[in-house]
Every structure is written in structure tokens, then in C-alpha cells.
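# Chains, contacts and geometry: an overview
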Amino acid sequence: MPKIYLDYAASTPCDPKVVRAMSGFLKKDFGNPSSIHSFGQRASMAVGNARQLVAEFLGCESEEIVFTGSATEASNLAIFGTVKAAKVQKFQIITSQIEHPSVLESCRALAKQGAEVTFLPVDKDGIVKISELEKALKSNTVLVSIMYANNEIGAIQPIEEIGALIKKNNPKTLFHVDAVQAANFLDCNVKKLGVDLLTLSSHKIYGPKGVGVLYVKRGTPITPLIYGGGHERGLRSGTENVAGIVGFSQAIKEIQNPKSKIQNIRIRQFKDKLIKTILKIIPASRLNGSLTQRLPNNVNISFEGAEGEAMVIALDQKGIAASTGSACSSGSLEPSHVLLALGLSDEVAHGSLRLTLGKYNTAKDVERVLKVLPVIIQKLRKISGYNQ
Ligand code: PLP
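Computed from a predicted model, the values in this text were never measured in an experiment.

A separate point is the overall build of the protein. Each helix and strand in the protein was counted, giving 13 helices and 12 strands. Scaling as 2.2 N^0.38, a compact globule of 388 residues should have a C-alpha radius of gyration of about 21 Å, and the protein matches this with 21 Å. Along the first, second and third principal axes, the C-alpha set of the protein runs to 70 × 50 × 35 Å. Counting over 388 residues, the protein shows a buried share of 56%.

Listed below in C-alpha cells is the structure:
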């Protein structure tokens, strides 16, 4: 039985073109980009070309791109780096209750150190309430960090509107956006979005793991977190992950390919079919997150009387890889902070299933899920004694 992968929000397989682009830099052109000899120069040129490709995707200058070891590191640099550079005693930062832990935990760490941190609520669809942001903004707000699209429920935030409001309140307040889940599907032009800092991750867009990007708008006050040889304009020391960076830039190239746009239309159709059919054929099921302001690949549904982890295990036994929430929080018994922020009870939040589609899914995969899932839910409900 062929395996079905429906966890593209957790990670994606490398595109074969990415693997091909990387392989030469693992074997032949392995030099250190800082070296003067030809090995080093070839590696340095490759990193430069990759930087240019990422910059074109974001609509910025290549000097504004900082390669990091992950999106987690990029967001940590954005948050701690700008707060450190602000050199003010009493400051506020604003984020949302549904951020990825890489942002949430960074903000919590700052709160522990005495910073004033506002965690904005979201509405029942998972969208940040603009009126709450308006109320929260202060003259000493150093940074606002809001994700473009949520990894658990796919909710898309009105980034342009948020950016405009922040700058209207105080042009000096910096705006950071975690665009990790958005990059495959949404326009990430930093000028259009009106952001100062933006995070990307390679392994969510068919590139290798262990590479991230932080866009830092020219002139943004920011201090490094890692010191050393002064790589990445002094913002992230450490020999560049040349093959990883080349792979990332090839992945960026591929997601802009017209073929990828067609794949995204297909992904959206699969998502729509899954949502519509599951809600119709499985009683006491509910969609989590907005139906319209939603990533084209995200399905997140709660089933009364069935437990998320048990669903994932049962699906895995049938060869289908799914998730209960974000991979980073799996193994934890706490219900998802994102689902709780939507107003779900602990019990309903525990009964949620996330299916995230990608470019290698087929119509057959969708049919198989629709055949297998209702049986699994029925079995689990019987075990839990749930009365339908
Ligand atoms: N931000 C979001 C929205 C994510 O989904 C993830 C990964 O799950 C990250 C950040 C962290 O990415 P990385 O694995 O590159 O650190």
C-alpha cells in the first residue's frame, strides 16, 4: 500500500531539482566561502547568487538577506536583536496568542526579563483583531511580531493592514512577520507588505532542513546574537551552509515557477474537497480556522468523542501521515495554544486533526483519506463511549 503524506506543514520532501543543485556543493565545490582560492570563490559566488534569488522573491536588496540555521533562529534574531539594539529600559512588544513557539517563547523569555509583552487575541476564525492591536500600540512599542499564516489552522493575517496601522501609530515601531507557512502560496513582497523583518524556512518549501532567512530592511537597528567571524554582515557569524543555501534558493526558484501555481490550484481543490466532504459525512465535526482566510493546503477539523493522537496513530497504521497540531508541540499533553485561542474547550482541542497538503498529493490520496477517516472516527468514538 503506497504511503500518503499529509503533513506538509511540518516538513516537505526536497524537490529533485533542489537535491541536484545541492549535490555539487557537497562534493566538488565544498570550499569555505571566505577562502581566497578558487574553491572558496566558487562557494562564495554560489551563496551570492542564492542571496540574489531570495532577494528577488522578497522584492528587496540582496544585502538585506541574512541566512540563518533555521526559521527559529531567524525569528529569535529578529526579536532579541531589535530589542537589544533599541537600548531602552522600558519598552513594549506586541505579538499574537497563536504564533509559532519560535516567536511566542522568545516573547515570553523577554517578558520574564521584565519587558511588557502584549499577546493579542484572535477572533473565532483565528484572525488578529485589528481593534485590539490599535488599543495595544503605545509610543514605546519597539516591535510587533505577527505571523503571515498559521501553521496549525492556516489562518491568514491581514499583514498589509497591520503594517500600515503600526507605522501610522509610530514609524519607528518595527514590524516582524513569520512568513514560514505563507511562502508557498502568498505574495511575500516585503515592500507591499510593509514589513521591516521577515522570516522564511527552507524545509517548508521543498528545500533542505537547517536553513532559514531573515529579511532585515536596510537601516533597521539590530544587534547579532551570534558573534564570530562576522559573516552575514556581522549579523550571523559561522561558516555558511553553502549546499543548504543553494538548495534553499533553488526551492525559492521552484515555488515561483508557473507549474507551482498550477499545483497550488490543485492543492486548493483537494483541500476544499476534504473539508466539504469530511464535514458532511462525519457527524459532530467542525472546521477550525477561517474557511476563506485560509492557506490552500490546510485542513484542521475537530471530532467530538475522538482523541487527536489516537486518530494520528490509526491513520499511520493505514499508511497516512497526519498531525494533531504543530509538530513542535507533539508529544506534549497540553492542548494546542492555537485552538484554545479560538475559544475551543480543552476537550474539543484534543480531538483535532491537521491534514496539510503538498505538491506530491494526488486525487487518489484524497479519496483514500475520505474512505479511511470515517471508519477510524467511528471506531474511536465507540471506544470512548461517545454517543452520536
Ligand atoms: N514558524 C512557523 C509558522 C513554522 O511552522 C515553523 C516550523 O514548524 C517555524 C517557524 C520554525 O521553522 P524551522 O523549523 O526552520 O525552525
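Next, the rest of the story.
Bringing the environment of L279 into the picture now. Relative to the helices and strands, L279 is located in helix α9 (residues 258-281). With relative accessibility at 32%, the residue L279 sits in the partly exposed group. Here the alpha-carbon distance between L279 and S302, two residues 23 residues apart in the chain, equals 9.8 Å.

The next point concerns the nonpolar core. By size, the foremost hydrophobic cluster in this structure holds 97 residues, and its most contacted members are L58, Y148, L198, L200 and F303. In terms of domain composition, this core takes at least three residues from each of domain 1 (16-256) and domain 2 (258-384). Other than its neighbours up to four places away in sequence, Y148 contacts A155, I156, Q157, I159, V177, D178, A179, A182, L186, D187, C188 and L193. Membership of the second largest hydrophobic core comes to 22 residues, among which are I93, V142, L143 and V216.

When the domains of the protein are assigned, the result is domain 1 (16-256) and domain 2 (258-384). Its C-alpha centre places domain 1 at a distance of 28 Å from the equivalent point of domain 2. In this complex, domain 1 contributes 30 residues to the contact, which on the side of domain 2 involves 28 residues. Taken together, both faces of the contact between domain 1 and domain 2 bury some 2300 Å²; the carbon and sulfur share is 57%. Considering only the side of domain 1, the residues that lose the most area to domain 2 are E152, I153 and F185, jointly responsible for 34% of the buried surface there. Where domain 1 packs against domain 2, one counts zero salt bridges. At the surface where domain 1 touches domain 2, the tally comes to 11 residue pairs in polar contact (both at pLDDT 80 or more). Taken together, the elements giving at least two residues each to the side of domain 1 that touches domain 2 come down to α4 (101-112) and α8 (242-255). By residue class, the composition of the side of domain 1 that touches domain 2 is 15 nonpolar, nine polar and six charged.

Bringing the packing of helix α10 (residues 308-317) against helix α13 (residues 363-384) into the picture now. One way to put it is that α10 packs onto α13 with a least axis distance of 10 Å and a crossing angle of 130°. Judged by the inter-axis angle, α10 sits oblique to α13. The handedness of the crossing between α10 and α13 comes out as right-handed. Facing α10, whose interface residues are A310, M311, A314 and L315, α13 presents V372, L373, I376, I377 and L380. The residue makeup of the contact of α10 with α13, split by class, is nine nonpolar, no polar and no charged.

Surrounding the ligand, one finds 13 residues, the nearest of these being T72, D178, Q181, S201 and K204. In this structure, Q181 approaches the ligand through a side-chain N or O atom, which is 2.8 Å from an oxygen atom. Within the side chain of S201, a nitrogen or oxygen atom sits 2.8 Å from an oxygen atom of the ligand. The residue makeup of the shell around the ligand, split by class, is three nonpolar, eight polar and two charged.

Under the definition given, this model contains 15 salt bridges. The residue R354 makes a salt bridge to D7 at a minimum N-O spacing of 3.1 Å. Taken as a pair, R354 in strand β12 (residues 352-356) and D7 in the loop between β1 (4-5) and α1 (16-27) lie far apart in primary sequence, 347 residues in all. Residue classification places R354 among the buried positions, given a relative accessible area of 1%.

Cut-off values and rules
Starting afresh in each chain, residues are numbered from 1 along the sequence in its written order. Two thresholds apply to this predicted model, a pLDDT of at least 70 for residue-level local features and 80 or more for giving and counting side-chain atom pairs, whereas whole-chain, interface and lining totals are computed over all residues. The side-chain quantities take in all heavy atoms of the structure and omit both hydrogens and water. Numbering of helices and strands runs from the N terminus; a helix is a DSSP stretch of H or I covering at least four residues, while a strand is a stretch of E covering at least two. Atoms counted for the radius of gyration: C-alpha only. Globule rule: 2.2 Å times the number of residues to the power 0.38. Each residue's exposure class comes from its accessible area (1.4 Å probe, protein chains only) as a fraction of the maximum for that residue type: buried when under 20%, exposed when over 50%, partly exposed otherwise. Only buried Ala, Val, Leu, Ile, Met, Phe, Trp, Tyr and Cys residues count toward a nonpolar core, and they belong to the same one when joined by side-chain atoms within 4.5 Å. Where each domain begins and ends follows an automated or database-derived domain assignment. What makes two residues a contact is simply this: any of their non-hydrogen atoms within 4.5 Å. Buried area: the accessible area, evaluated with a 1.4 Å probe, that two parts lose upon being put together, summed over both parts. We define a salt bridge as a contact between a side-chain nitrogen of Lys or Arg and a carboxyl oxygen of Asp or Glu at a distance within 4 Å. We define a polar contact as two N or O atoms separated by no more than 3.5 Å, with the added condition that, inside protein, one atom must be a possible hydrogen donor and the other a possible acceptor, whereas residues neighbouring each other in sequence contribute only through side-chain atom pairs. Residue classes follow a fixed rule: Ala, Val, Leu, Ile, Met, Phe, Trp, Tyr, Cys and Pro count as nonpolar, while Asp, Glu, Lys and Arg count as charged, and any other residue, Gly among them, counts as polar. Structural elements are reduced to axes, namely lines fitted to C-alpha atoms, with helices fitted over the stretch in contact, and the angle between N-to-C directions of any two is expressed from 0 to 180 degrees. We call two directions roughly parallel when the angle between them is under 35 degrees, roughly antiparallel when it is over 145, roughly perpendicular when it lies between 65 and 115, and oblique otherwise. If you view the pair so one helix is near and one far, a crossing is left-handed when the near helix is turned anticlockwise from the far one by less than a right angle, and right-handed when it is turned clockwise. Nearness here has a simple test: a residue counts as near a molecule or strand if at least one of its heavy atoms is within 4 Å of that partner.

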